[in-house]
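# Inside the fold
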Amino acid sequence: MTGSVLSVTEPPEDVVAEVAALDRVLDGIVPAKELDRNLLVATWNLRAFGGLTKSWRAGEKDSPKRDLRDVRLIAAIVARFDVVAVQEVKGDLRALRHLLKALGPDWAFTLTDVAGGDEGNDERLAFLFDTRRVKPSGLACELVVQIAEDTSLSATTIRRQFARTPYAVSFVTGGRTVILVTLHVNYGDRGARLAELTEIARWLAAWAEREDEWRHNVIALGDFNIDRRDDAQYGAFTATGLTPAPALIDAPRTIYDRPTTGHYYDQVAWFDDPAKGPVLSLVPTLGGYVDFPLHVHPGMAKSRLAAKISDHYPLWMEFRLRGAT
């Protein structure tokens, strides 16, 4: 499904002031967009991004807790990037529609249909993108793994683990084609998760090898549900040459993470080992995360903040278009 967005009416003055304050903070966190010189890519698991209370301030008894004010604040963060992969978009598209309206007419989207079954969790995968900066170049597909003798997945495992099928879309910017693949790996059983990550890494490596002939770049991003760095899941993810963004290694993934108990759920990764396959033609420069709890509803209980904004931080990477100085 693809579409474009319409303008919206102005929010109340207090919301305008909150967004302006957040914008000033973001000025010091995220690099500026530079025409034909850089590409800003982000991934954000927006917890249960579906329903919305159509009020600028949801009351204590309102459900869902996410309101129009929250969507404006989310939009201020999303707008800083060129393409944002969003996980946990639900079957109910009300929050997404209001987010696209808040972003304005220069933004568009592409997303999957809802995933069925209990493990699919009524989720979609989506890309939001600034049409002034990137254009879809034609490819949009979901991952289908051929069941063969050497696959690490059985037919039963595939039905279970690919309930939320990875989603790939190609974009062109500054004369370069970039294929972004987003996924939300089922947390589930560790063994099944390991099999899924193994097969996804193999599939991405084979695809990147083919696309390299056309000088296309393949970047994987999303919620991979990797518990720890260098555990079995992390090893499967990197075995075929996928390189997690070095700039994001120490970034926290969720608002509940502590320095001693960090996770590696969310990732941005690409192929960067000539001995194993193609090398990214874009030049990764900066990366980080937006520590929104410091600036959005500061002091709010984390459980409530997770329901209104998310329990995951947005992760981002800047890529310099090769040849740009």
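In case you missed it, the structure is sitting above this.
Presented here is a report on the structure given in the accompanying data block. (Residues numbered from 1 in each chain as written. Predicted model: local features only at pLDDT ≥ 70, side-chain atom pairs only at ≥ 80, totals over all residues. Heavy atoms only, no water.)

## Examining the sheet that holds strand S10 (residues 242-244)
- Spatially, the six strands line up as an open sheet ordered S6-S7-S8-S9-S11-S10, and their pairing is mixed. Only two strands of the sheet have a single neighbouring strand rather than two, namely strand S6 (135-142) and S10. Between one strand axis and the next, the sheet turns by 25° as a mean value, whatever way the strands run. (Pairing = 2+ DSSP bridges. Helix = DSSP H or I, 4+ residues; strand = E, 2+ residues; numbered from the N terminus. Axes fitted to C-alpha atoms, helices over the stretch in contact; angles between N-to-C directions.)

## With respect to the nonpolar core
- With 43 residues, the main nonpolar core has Leu128 and Phe292 as its most contacted residues.
- Counting residues per element, the ones that place at least two in this core are helix H1 (13-27), strand S2 (38-49), helix H2 (68-78), strand S3 (83-90), helix H3 (94-103), strand S4 (107-111), strand S5 (123-130) and helix H8 (302-308).
- With near-sequence residues (within four places) excluded, Leu128 lies in contact with Val78, Asp82, Val83, Val84, Val86, Leu96, Leu99, Leu100, Leu103, Trp107, Ala108 and Phe109.
- One finds Val41, Val169, Phe171 and Leu180 within the second-largest nonpolar core, a separate group that totals 27 residues. (Core = buried A, V, L, I, M, F, W, Y, C linked by side-chain atoms within 4.5 Å. Buried < 20%, exposed > 50% of the residue type's maximum accessible area, 1.4 Å probe, protein only. Contact = heavy atoms within 4.5 Å.)

## Topic: H2
- The element H2 is largely enclosed, with a buried count of 11 among its 11 residues.
- Among all positions of H2, only Leu68, Arg69, Asp70, Val71, Arg72, Leu73, Ile74, Ala75, Ala76, Ile77 and Val78 are buried.
- At the N-terminal end of H2, a side-chain oxygen is found 3.1 Å from the backbone nitrogen of Arg69, two or three residues along, and the residue is Asp67. (Polar contact = N/O pair within 3.5 Å; in protein donor to acceptor, adjacent residues only side chain to side chain.)

## A closer look at the pattern of salt bridges
- Scanning the model with the defined rule gives 17 salt bridges in all.
- With a closest N to O distance of 3.8 Å, Asp82 and Lys33 form a salt bridge. Placement of Asp82 in the loop between H2 and S3 and of Lys33 in the loop between H1 and S2 is noted, with a sequence separation of 49 residues between them.
- Taking relative accessible area as the criterion, Lys33 reaches 28% and is therefore assigned partly exposed.
- Measuring nitrogen to oxygen at the nearest pair gives 3.9 Å for the salt bridge that ties Arg320 to Glu318. When sorted by exposure, Arg320 lands in the same class as Glu318, which is buried.
- A single salt-bridge network, built from bridges that share partners, covers Lys33, Asp82, Asp106, Asp130, Arg132 and Arg133. (Salt bridge = Lys/Arg side-chain N within 4 Å of Asp/Glu carboxyl O.)

## Some thoughts on the packing of aromatic side chains
- What the rule picks out here adds up to nine aromatic pairs.
- Measuring from centroid to centroid gives 5.9 Å for Trp44 and Phe292, while their planes differ by 50°, and the two rings are tilted. Taken together, the residues span a long stretch of sequence, with Trp44 in strand S2 and Phe292 in the loop between strand S12 (283-289) and H8 at a distance of 248 residues. The residues Trp44 and Phe292 share a single accessibility class, namely buried.
- Where Phe127 meets Phe171, the ring centres are 5.9 Å apart and the plane angle is 75°; that geometry is what we call edge-to-face. Of this pair, Phe127 sits in strand S5 while Phe171 sits in strand S7 (residues 167-173); the two residues are 44 residues apart in sequence, bridging distant segments of the chain.
- Since its relative accessible area comes to 0%, Phe127 is described here as buried. (Phe/Tyr/Trp six-rings, centres within 6.5 Å; stacked < 30°, edge-to-face > 60°.)

## Concerning unusual backbone geometry
- Ser63 connects to Pro64 through a cis peptide bond whose omega is 0°.
- In this fold, Pro64 is placed in the loop between S2 and H2.
- Phi at Ala48 takes a positive value of approximately 45°, unusual for a residue other than glycine.
- With respect to the helices and strands, Ala48 occurs in strand S2.
- Non-glycine residue His297 carries a positive phi angle of around 50°.

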